[in-house]
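Coordinate analysis (summary)
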Amino acid sequence: MTMAYAVKKEMRDKIPAPTHVDGTGRLQTVTQTANPRYWKLIRAFEQQTGVPVVLNTSFNDNEPIVCKPQEAIDCFARTQMDALVLGDFLIIRL
């Protein structure tokens with residue numbers, strides 16, 4: 001993620017979170033061969049939303065980066081995240 005690329009103008013409103021104020025983003029490509037599980041997650045998200053993009057960033061909130069499942073659950077519980085995918089589990093805030 002050392003390069004920033006221009007986000008297509010027609011996509012900027014659809015993916016505001018990973019789009020920087022100058023219209024760029026640090027984009028990564030996920031292939032089915034390289035990471036089939038993550039690829040399937042992105043495709044499932046696209047089927048529900050029409051947007052084939054998920055935001056993947058360091059997972060923490062004013063603390064060291066999350067490394068363990070319990071740390072992920074703790075971070076989810078005290079932040080405003082909508083959902084957490086943890087292995088085969090999807091945790092959704094109601």
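All figures in this text were calculated on a predicted structure; none of them were measured in a lab. Residue positions are given per chain, counting from 1 as you read along its sequence in written order. At least 70 in pLDDT is required for a residue's local features to be given in this predicted model, at least 80 for side-chain atom pairs to be given and counted, and no such filter applies to totals for whole chains, interfaces and linings, which use all residues. Hydrogen atoms and water are omitted, and side-chain values are computed over all heavy atoms in the structure.

1. Here's the deal with the environment of L94
We count it as follows: Numbering goes from the N terminus for both helices and strands, where a helix is a DSSP run of H or I of at least four residues and a strand is a run of E of at least two. Throughout, exposure labels follow a simple rule: accessible area from a 1.4 Å probe, protein chains only, divided by the maximum for the residue type, with under 20% read as buried, over 50% as exposed, and the rest as partly exposed.
Mapped onto the fold, L94 is located in the segment after β4 (89–92). The exposed category is assigned to L94, whose relative accessible area is 100%. Separated by 12 residues in sequence, L94 and D82 place their C-alpha atoms 8.2 Å apart.

2. A closer look at the packing of aromatic side chains
We apply this condition: Ring geometry is summarised as follows: Phe, Tyr and Trp rings, the Trp one being its six-membered ring, pair when their centres sit within 6.5 Å, and such pairs are stacked at plane angles under 30 degrees, edge-to-face over 60 and tilted between the two. By definition here, charges over rings are those cases where NZ of Lys or CZ of Arg is within 6 Å of the ring centre and within 35 degrees of the ring normal.
If you walk through the whole model with that rule in mind, you get 0 aromatic pairs. When the ring centre of F76 is taken as reference, the NZ or CZ atom of R93 above it lies at 4.4 Å.

3. Observations regarding the pattern of salt bridges
Here is the rule we go by: Salt bridge, as used here, is a side-chain nitrogen of Lys or Arg placed within 4 Å of a carboxyl oxygen of Asp or Glu.
Under the defined criterion, the tally for this structure stands at 3 salt bridges. Here D88 ties to R37 by a salt bridge, and the two come within 2.0 Å at their closest N and O atoms. With D88 in the loop between β3 (83–86) and β4 and R37 in helix α1 (residues 36–49), this residue pair connects regions lying 51 residues apart in the sequence. Ionic pairing is found between R43 and E46, a salt bridge with its closest N-O pair at 2.9 Å. Taken together, the positions of R43 and E46, both in helix α1 and 3 residues apart, correspond to about one turn of that helix.

4. A look at the environment of V85
The line we're drawing: By definition in these notes, contact holds between two residues if any of their heavy atoms fall within 4.5 Å.
Tracing the chain through its elements places V85 in strand β3. C-alpha separation for the pair V85 and T29, spaced 56 residues apart in sequence, amounts to 19 Å. When near neighbours in sequence (up to four residues on either side) are disregarded, V85 contacts L41 and L90.

5. Observations concerning the pairing of β4
As a reminder, the rule being used: Only when DSSP finds a minimum of two bridges between them are two strands counted as paired.
Direction of pairing for β3 relative to β4: antiparallel, over a ladder of 4 bridges. Among the inter-strand pairings, L84 is bridged to a residue of β4, identified as I91. Between the antiparallel neighbours β3 and β4 lie 2 residues, among them G87 with a positive phi of about 65 degrees.

6. Let's talk about the environment of H20
Within the secondary structure layout, H20 lies in the loop between β1 (5–6) and β2 (24–25). Overall, H20 belongs to the partly exposed group, its relative accessible area being 33%. Separated by 16 residues in sequence, H20 and A4 place their C-alpha atoms 9.2 Å apart. When near neighbours in sequence (up to four residues on either side) are disregarded, H20 contacts G25 and R26.

7. A short note on α1
Definition in use: Multiplying 1.5 Å by the helix residue count minus one yields the expected span of that helix.
Taking 1.5 Å of rise per residue, the 14 residues of α1 would be expected to cover 20 Å, and the 20 Å separating its terminal C-alpha atoms lies within 8% of that figure. Downstream of α1 by one or two residues, G50 has phi in the positive range, about 85 degrees.

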